[in-house]
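# Geometric and topological summary
As a plain string of letters, each chain reads:
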Amino acid sequence: MSRPTWDEYFVRIAQTVATRATCPRMSVGCVLVREHRILTTGYNGAPRGVVHCTDVGCILRDGHCARATHAEANAVVQGALHGIGLQGATAYCTHQPCVGCSKLLISAGVVKIVYVDAYPDTVSTELLAEAGVSLEQFGTQGSL
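Summarised in this report is the structure supplied together with it. (Residues numbered from 1 in each chain as written. Predicted model: local features only at pLDDT ≥ 70, side-chain atom pairs only at ≥ 80, totals over all residues. Heavy atoms only, no water.)

## A look at the sheet that holds strand E5 (residues 90-95)
The five strands lie next to each other as E2-E1-E5-E6-E7, forming an open sheet whose pairing is mixed. At either margin of the open sheet sits one strand with a lone partner, and together these are strand E2 (37-43) and strand E7 (134-137). Adjacent strand axes in the sheet meet at a mean angle of 20°, parallel and antiparallel pairs treated alike. Examined bridge by bridge, strand E6 (residues 112-117) and E7 share four bridges and lie parallel to one another. Paired with Ile 113 across the two strands is Leu 135, which belongs to E7. Along the sheet, helix H3 (residues 71-82) makes contact with strand E1 (29-34), E2 and E5, crossing E2 at roughly 130°. (Pairing = 2+ DSSP bridges. Helix = DSSP H or I, 4+ residues; strand = E, 2+ residues; numbered from the N terminus. Axes fitted to C-alpha atoms, helices over the stretch in contact; angles between N-to-C directions. Contact = heavy atoms within 4.5 Å.)

And the structure:
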């Protein structure tokens, strides 16, 4: 077994984090990293104190689950809860962030996003580019 690259390492961790997801519609994980150190993690699931989708079902609105908070948002919230600054961080995500999560990551100071599965959203892509946030699909930018 060869030693994984940093991208491989953190993508694998994001995939493990996704196994904690509590919305059966999709398991998503996010790891926020700076200087090869994990700052926070997040997975999609109900907010603290709210019953999980796996226990009572999803609340669907316009094809999306309104009960679950997205993985990237949960990772940003963990930083806020624990006083961890995210300026200059890289987000490793199992899925390309939606427009809402992209805006949160931009505002939190994330400078790079590496994702595995595409979830194309032209507005998200345009906002990330305008903000100068690098967006790379894992394996397509020499990550492997």
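## Topic: the layout of surface pockets
A probe as big as a water molecule, rolled over the atoms, marks out the empty space that is left. Quantified by volume, the largest pocket comes out at close to 340 Å³. Residue lining of the largest pocket: 17 residues in total, with Met 26, Val 28, His 64, His 70 and Tyr 119 positioned closest to the centre. Of all the elements in the fold, those that place two or more residues in the lining of the largest pocket are strand E4 (64-65) and H3. For the lining of the largest pocket, the residue count by class is nine nonpolar, six polar and two charged. Estimates place the volume of the second largest pocket at around 280 Å³. Forming the boundary of the second largest pocket are 13 residues, of which Tyr 43, Ala 46, Arg 48, Asn 74 and Gln 78 lie nearest the centre. Of all the elements in the fold, those that place two or more residues in the lining of the second largest pocket are E2 and H3. Looking at the lining of the second largest pocket element by element, the count peaks at four residues for H3. Partitioning the lining of the second largest pocket into residue classes produces five nonpolar, seven polar and one charged. (1 Å grid on protein atoms, 1.4 Å probe; cavity = no way out; pocket = protein on both sides within 12 Å on 5 of 7 lines; lining within 4 Å. Points joined across faces, edges and corners; volume = space filled by probe spheres on them. Nonpolar A, V, L, I, M, F, W, Y, C, P; charged D, E, K, R; others polar.)

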